[in-house]
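# What the coordinates show
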Amino acid sequence: AYVYSQATLLDHYKRIEAAFAPLNPLICYSVKSCGNLAVCRTLARAGAGMDVVSGGEIFRARQAGAPPESIVYAGVGKSDDEIRQALREKIYLLNVESEAEFENIARIARELNATCDCALRVNPDVDPKTHRYTSTGRKETKFGVDIERARAFFRTYGRDAHARLRGIHLHIGSPIYSVEPYVQAVTKALALRAELAQEGYTVEVLDIGGGFGADYETGRSPDAAAYAAAIVPLLLPAVQAGMRVVLEPGRAIVANAGILLTRVQYLKR
């Protein structure tokens, strides 16, 4: 059986909540890091939203008690049925990965006579200095669009009446053991936001993703306060002017909160 420590889960969550409190962010637990319903329910009761990547995870988030307005939906492979599910549930934000995906979301929203809010995933071309298979913020990665394409994306789709392009989404990789990649990514995202504002596009939400280093090895991972000390001052002026910030921590909350409980059945020489 897997046994999870409620105290550890809540301690990790509350440390992040306290560190980023000046931003009053929506902290969305990344369900893919551990989708156990008891874990999700514990965090939802503590006030966490949910970061999901599938229809099944939307279902889990709702079963755990997360309200729709606290759910953000990322992922490169959203099916039509999953998009319809997200629209029916009226979740807070769909994080969009490509032009083709946005067009599909907008088409389905029109068919359902529905509206939804979307955030464009932007690759800030930042090296998170993590494993190459979990580095997702470089220009050449398959996720999102680069900053040059982001400008064109807003010009093409930024006035859609059904799929409303309201935000920018970042997720540069995992695990990230340094604050500097976040500083670079957030700085570039804020500059892009300012450029878009000059063209008449309002970016109301900045989702800075997750990827904070989990405490696998003593002394290697910065704590939540260290990440916040670098990130909060960058975002605070925009937040004070009305922008909302979303965080998507996963392993930083759950990675060392559980054990696998086993029993020895036999000994063999």
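Below is a summary of the structure that appears in this document. Treat the numbers as computed from the prediction; the structure is a model and nothing was measured. (Residues numbered from 1 in each chain as written. Predicted model: local features only at pLDDT ≥ 70, side-chain atom pairs only at ≥ 80, totals over all residues. Heavy atoms only, no water.)

What follows concerns unusual backbone geometry. Of note, the bond from Ser-174 into Pro-175 is cis; its omega dihedral lies within 30 degrees of zero at -10°. Among the secondary structure elements, Pro-175 is positioned in the loop between strand 8 (163-169) and helix 7 (180-198). Even without glycine at this site, Asn-24 takes up a positive phi of about 45°. Along the chain, Asn-24 falls in the loop between helix 1 (6-19) and strand 2 (26-30). Although it is not a glycine, Asn-113 sits at a positive phi angle of roughly 55°. With relative accessibility at 67%, the residue Asn-113 sits in the exposed group. (Helix = DSSP H or I, 4+ residues; strand = E, 2+ residues; numbered from the N terminus. Buried < 20%, exposed > 50% of the residue type's maximum accessible area, 1.4 Å probe, protein only.)

A ring pair, where both rings are aromatic, is described by two values, the distance of the centres and the angle of the planes. The full count for this structure, using the stated rule, is eight aromatic pairs. Seen in terms of ring centroids, Phe-102 and Phe-153 are 5.7 Å apart; in terms of plane orientation they differ by 80°. Their pairing is edge-to-face. Taken together, the residues span a long stretch of sequence, with Phe-102 in helix 5 (residues 99-111) and Phe-153 in helix 6 (residues 147-157) at a distance of 51 residues. For the pair Phe-102 and Phe-153, one class covers both residues: buried. Ring pairs connect the aromatic residues Phe-20, Tyr-182, Phe-212 and Tyr-227, which therefore count as one cluster. (Phe/Tyr/Trp six-rings, centres within 6.5 Å; stacked < 30°, edge-to-face > 60°.)

Here the focus is the pattern of salt bridges. Following the criterion strictly, the structure yields 15 salt bridges and no others. With its nearest N and O atoms 2.6 Å apart, the salt bridge here joins Glu-195 to Arg-151. Residue Glu-195 is located in helix 7, and its partner Arg-151 is located in helix 6; the two are separated by 44 residues in the primary sequence. Among the ionic pairs, Arg-166 bridges to Glu-204, the shortest N-O distance being 3.5 Å. With Arg-166 in strand 8 and Glu-204 in the loop between helix 7 and strand 9 (205-207), this residue pair connects regions lying 38 residues apart in the sequence. When salt bridges that share partners are traced, they join Asp-117, Arg-164, Arg-166 and Glu-204 into one network. (Salt bridge = Lys/Arg side-chain N within 4 Å of Asp/Glu carboxyl O.)

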